Amino acid sequence: MQKSKQFLQFLKSLKFRLILLIVVIAVVPSLILSAAVLKYYEKRAVSIRESEILSQAKILANQIATSEYMKLGADVSSSNIQTQIDMLTTIYDGRVIVVDDNCKVYYDTYNLDDHKLIIAEEVSFKGEDIVHYDSENHYIEMTIPISDPDDKSETVIGVMLISVSTDNIVINQSYMRQVAVIVMVMVGIAIVFFAILLLLY
């Protein structure tokens, strides 16, 4: 009973309030900083991934436009461009869909929509690159117009849809979060320990 009263008195004491204040002042900014660093990492990693894929996709789109790729039909698998598309999807764990100017799927990495008509908001023939990051489902989606760079009219003869997984970025972010939690716990324990020592002596 006496110990309970002493503990309650300690909780109401100035010493406890000072310990609590020190912990809050030390821990809260660290939590905010950790969250900010993790968010920045995700934004930066996604931005780099988008730039890498966009530059390669534009090169592929130009090669498609200036070659006979769209006329190969069943022989598309023997094309050098096809090899590059397959390499892109393998490296970045993605999917590429090539759509012709009639909104018909010319090629699909997964062979799910081959020769089907695709009418979607993502399929834009306005001649502009569209990049969208879906943080909920962890993928980047791009729309790249296919047009001959030497054609002054910039006529769009097709569209390349690219979706790429960002699971590895999420995994790295999760690992960083775990490390941050461990560091925070260790720092918190150290602060409490030194705060108690400081106030007791």
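Right above here is the structure, for reference.
Basis of the calculations
Residues numbered from 1 in each chain as written. Predicted model: local features only at pLDDT ≥ 70, side-chain atom pairs only at ≥ 80, totals over all residues. Heavy atoms only, no water. Helix = DSSP H or I, 4+ residues; strand = E, 2+ residues; numbered from the N terminus. Buried < 20%, exposed > 50% of the residue type's maximum accessible area, 1.4 Å probe, protein only. Contact = heavy atoms within 4.5 Å. Pairing = 2+ DSSP bridges. Axes fitted to C-alpha atoms, helices over the stretch in contact; angles between N-to-C directions. Salt bridge = Lys/Arg side-chain N within 4 Å of Asp/Glu carboxyl O. Core = buried A, V, L, I, M, F, W, Y, C linked by side-chain atoms within 4.5 Å. Patch = residues over 30% accessible without salt bridge, like charges linked within 9 Å, V, L, I, M, F, W, Y side chains within 5 Å. Areas by Shrake-Rupley, 256 points an atom, 1.4 Å probe, with all protein chains shown as cover.

Some details on the overall build of the protein
The helix and strand inventory of the protein stands at four helices and five strands. Helices and strands in the protein line up, N terminus first, as α-α-α-β-β-β-β-β-α. For the protein, the residues scored as buried account for 32% of the 201 residues in total. When contacts within the protein are restricted to residue pairs at least 6 apart in sequence, those whose partners lie at least 24 apart make up 56%.

Observations regarding the sheet that holds strand S1 (residues 94-100)
One open sheet accounts for five strands, arranged S2-S1-S5-S4-S3; its pairing is antiparallel. With partners counted over all chains shown, the strands left at the sheet margins are strand S2 (105-108) and strand S3 (130-134), one partner each. Taken over all neighbouring pairs, the strand axes of this sheet differ in orientation by 15° on average, direction set aside. The pairing of S3 with strand S4 (residues 139-147) spans five bridges and is classified as antiparallel. Considered in S4, the bridge of aspartate 134 is made with tyrosine 139. Lying on the sheet, helix H3 (residues 80-91) is in contact with S1, S2 and strand S5 (156-165); it crosses S1 at an angle near 140°.

Concerning the side chain of glutamine 173
Of note, glutamine 173 is situated in helix H4 (residues 167-200). Residues within four places of glutamine 173 in sequence aside, it is in contact with Leu38, Lys39, Tyr41 and Glu42.

A few points about the pattern of salt bridges
Scanning the model with the defined rule gives three salt bridges in all. For the salt bridge of lysine 39 with glutamate 42, the shortest nitrogen-to-oxygen distance reads 3.8 Å. With a gap of three residues between them, lysine 39 and glutamate 42 both fall in helix H2 (residues 14-65), about one helical turn apart. On the basis of relative accessibility, which here comes to 11%, the residue glutamate 42 falls in the buried class. Here aspartate 108 makes a salt bridge to arginine 95, at a shortest N to O gap of 2.6 Å.

A few points about the nonpolar core
With 26 residues, the main nonpolar core has Ile85, Val98, Ile144, Met160 and Ile162 as its most contacted residues. Mapped onto this core, the elements with two or more residues apiece are H2, H3, S1, S2, S4 and S5. Here this core gets nine residues from one element, more than from any other, and that element is H2. Discounting chain neighbours no more than four positions away, the residues touching isoleucine 144 are Leu54, Ala57, Lys58, Ala61, Asp129, Gly158, Val159, Met160 and Ile162. Counting seven residues, the second-largest nonpolar core is a separate cluster that includes Ile97, Val99, Val105 and Leu161.

So, unusual backbone geometry
With a phi angle near 60°, cysteine 103 is a residue other than glycine that sits in the positive phi range. Summarising the element assignment, cysteine 103 is placed in the loop between S1 and S2. For histidine 138, which is not glycine, the phi torsion reads 60° and is therefore positive. Its place among the elements puts histidine 138 in the loop between S3 and S4.

Some remarks on a nonpolar patch on the surface
On the surface, a cluster of nonpolar side chains totalling about 400 Å² of accessible area is made up of Leu14, Leu18, Leu21 and Ile25. Within the secondary structure, leucine 21 is located in helix H2. By relative accessible area, leucine 21 is classed as partly exposed at 47%.

In short, geometric facts, not functional conclusions.
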